[in-house]
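In case you want the letters, here they are:
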Amino acid sequence: MNILNTIIEIIYPPRCLICERFLGNHRVRKDQHDILICQDCLNDFNEITSPLCPICHKPFESEIEEDHLCEDCLRKRPFFDAVGAPYLYEGGVMMGIHHFKYGGKTHIAGSLGPLLASFAKRWLKKMDGYLMMPVPLHPKRLRERGFNQSLLLARHIASVLGAELDFLTLRRVRDTKPQTGLHRDERRKNVRRAFELTDRNVVKGRSIILVDDVATTGSTLNECARVLKRSGSDKVLCLVLARTSGM
Ligand SMILES: [Zn+2]
Ligand SMILES: [Zn+2]
């Protein structure tokens, strides 16, 4: 830490981005980044562990120890090859995402990003050759919110992992209603034909990593993956910070 930062920290001691408690000297660090979230809040981030579905990453509460395909993925194979998510969408991570998306605390990406990047490193082993694409917002929604939370996360992960970032080719061309409160089938219909590529050649033959903050039923990711696969993408992996337990 340089002298300027030390002085700033004396004047404005950093607080936890979630509960606003002063952080003191006990900081969690990931890839040279201070995670500005206190240990109590981090303890409330519930990690997803095996057994889980290797495609949609849904965790099972079962006696069988091994990962196995869930009923949904067995019945109808998604267009994406796999979802990876470090946390369940509940507790501390849900609070963090709410502050980030709806409270406009964009700097929280500087702490949530490294957590997701560290998971991505373990999950993917190697990142080179992948094209990273954040799930886009419709321009109207982007104007309202002022930022795309998925792009802020993707930018962070791409810089830590050295992946190529593309946030212009995949576009949301239909302003869909929010997915909240919709059932699985309604969600799928709601995002149908919502995405387009400005140039198919960018994705043709490439392996893609789609980045989003939360996955609920996976409908949005699946629709993006459908567009990418139809345009000749090779593998489509999805990286999200949190997923609900029952998608
Ligand atoms: Zn806290
Ligand atoms: Zn599954």
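What you are looking at is a predicted structure, and each value in this text was computed from that prediction instead of being measured.

Enquirer: Even after reading the chapter, I still don't get the coordination of the zinc ion (ligand 2), so can you show me in this structure?
Expert: Where a metal carries four tetrahedral donors, each ideal angle is 109.5 degrees; where it carries six octahedral donors, the ideal angles are 90 or 180 degrees. Within the protein, the zinc ion (ligand 2) binds to Cys53 (SG), Cys56 (SG), Cys70 (SG) and Cys73 (SG); these donor distances fall in the range 2.3 Å. Geometry at the zinc ion (ligand 2) is tetrahedral, judged from its four donor atoms and the angles of 105 to 117° they form at the metal. Here the donor residues for the zinc ion (ligand 2) map to a single chain with the spacing C-x2-C-x13-C-x2-C. Of this pair, cysteine 56 sits in the loop between α2 (39–43) and α3 (71–75) while cysteine 73 sits in helix α3, and the two are 17 residues apart along the sequence. Of the two residues, cysteine 56 and cysteine 73, neither departs from the other in class, the shared state being buried.

Enquirer: Just checking my understanding: could you explain unusual backbone geometry for this structure?
Expert: Among all residues save glycine, negative phi is the norm, and among peptide bonds the norm is trans. At the junction of serine 50 and proline 51, the peptide bond is cis and its omega measures out at 5° in the coordinates. Look at glutamate 20: it is not a glycine, yet its phi comes out positive at around 70°. As for its position among the elements, glutamate 20 is in the loop between α1 (3–11) and β1 (28–30). Here glutamate 20 falls in the partly exposed class, since its relative accessible area comes to 46%. Of note, the phi angle at arginine 193 is positive, near 55°, even though the residue is not glycine.

Enquirer: How should I be thinking about the packing of helix α8 (residues 184–191) against helix α9 (residues 219–230) in this particular structure?
Expert: A packed helix pair is summarised by two numbers, namely the angle formed by the two axes and the spacing between the axes. Their axes nearest at 9 Å, the elements α8 and α9 cross at an angle of 40°. On the basis of their axis angle, the class for α8 and α9 is oblique. Crossing of α8 against α9: the hand is right-handed. Seen from α8, the contacting residues are Arg184, Arg187, Arg188 and Val191; seen from α9, they are Ser219, Thr220 and Glu223. A per-class count over the contact of α8 with α9 returns one nonpolar, two polar and four charged.

Enquirer: Honestly, the pairing of strand β10 (residues 236–243) in this entry has me stumped. Any pointers?
Expert: Every regular strand shows the same layout, with side chains that alternate between the two sheet faces. Of all eight residues making up β10, eight are buried, and the element is well covered by its neighbours. Direction of pairing for strand β9 (residues 207–215) relative to β10: parallel, over a ladder of seven bridges. Of the residues in β10, the one forming a bridge with alanine 215 is arginine 243. Crossover connection from β9 via α9 to parallel β10: handedness right-handed.

Enquirer: Sorry if this is basic, but what is going on with a positive patch on the surface here?
Expert: On the surface, Lys76, Arg174, Arg192, Arg193, Arg200, Lys204 and Arg230 cluster together to form a positively charged patch. Relative to the helices and strands, lysine 204 is located in the loop between β8 (195–197) and β9. According to the relative accessible area criterion, lysine 204 is exposed, its value standing at 56%.

Enquirer: Help me understand a negative patch on the surface in this model?
Expert: A cluster of acidic residues, Glu63, Glu65, Glu66 and Asp67, forms a negative patch at the surface. Looking at the element boundaries, glutamate 65 is found in the loop between α2 and α3.

Enquirer: Sorry if this is basic, but what is going on with the coordination of the zinc ion (ligand 1) here?
Expert: Donor atoms from the polypeptide that coordinate the zinc ion (ligand 1) comprise Cys16 (SG), Cys19 (SG), Cys38 (SG) and Cys41 (SG), at 2.3 to 2.4 Å from the metal. Between the four donor atoms coordinating the zinc ion (ligand 1), the angles at the centre fall across 104 to 117°, so the site counts as tetrahedral. Spacing between the donor residues of the zinc ion (ligand 1) along their common chain follows C-x2-C-x18-C-x2-C. One end of the pair, cysteine 19, is in the loop between α1 and β1; the other, cysteine 38, is in the loop between β2 (33–35) and α2, and 19 residues separate them in sequence. Residue classification places cysteine 19 among the partly exposed positions, given a relative accessible area of 33%.

Enquirer: Got a minute to help me understand a nonpolar patch on the surface in this structure?
Expert: A cluster of nonpolar side chains, Ile3, Leu4, Ile7, Ile8, Ile10, Ile11 and Tyr12, forms an exposed patch at the surface whose accessible area comes to about 810 Å². Within the secondary structure, isoleucine 11 sits in helix α1.

Enquirer: Whenever I open this one, the pattern of salt bridges confuses me. Can you help?
Expert: Two side chains that carry opposite charge are able to pair once their charged atoms sit near each other. By the definition in use, this model includes 14 salt bridges. One salt bridge in this structure joins glutamate 144 and lysine 140, with 3.9 Å as the shortest N-O distance. With glutamate 144 and lysine 140 both in helix α6 (residues 139–145), this residue pair falls four residues apart, about one helical turn. Given the relative accessible area of 41%, lysine 140 is considered partly exposed.

About the cut-offs
- Residues numbered from 1 in each chain as written.
- Chains lettered and ligands numbered in written order.
- Predicted model: local features only at pLDDT ≥ 70, side-chain atom pairs only at ≥ 80, totals over all residues.
- Heavy atoms only, no water.
- Donors = N, O, S within 2.8 Å, 3.2 Å for Na, K, Ca; no water.
- Tetrahedral: all angles 85-135°; square planar, octahedral: opposite > 155°, others 65-115°.
- Helix = DSSP H or I, 4+ residues; strand = E, 2+ residues; numbered from the N terminus.
- Buried < 20%, exposed > 50% of the residue type's maximum accessible area, 1.4 Å probe, protein only.
- Axes fitted to C-alpha atoms, helices over the stretch in contact; angles between N-to-C directions.
- Parallel < 35°, antiparallel > 145°, perpendicular 65-115°, else oblique.
- Left-handed = near helix turned anticlockwise from the far one by under 90°.
- Contact = heavy atoms within 4.5 Å.
- Nonpolar A, V, L, I, M, F, W, Y, C, P; charged D, E, K, R; others polar.
- Pairing = 2+ DSSP bridges.
- Right-handed = clockwise from strand over helix to strand, strands pointing away.
- Patch = residues over 30% accessible without salt bridge, like charges linked within 9 Å, V, L, I, M, F, W, Y side chains within 5 Å.
- Areas by Shrake-Rupley, 256 points an atom, 1.4 Å probe, with all protein chains shown as cover.
- Salt bridge = Lys/Arg side-chain N within 4 Å of Asp/Glu carboxyl O.
- Lys, Arg positive; Asp, Glu negative; His and termini not counted.
- Charge placed at Lys NZ, Arg CZ, Asp CG, Glu CD.

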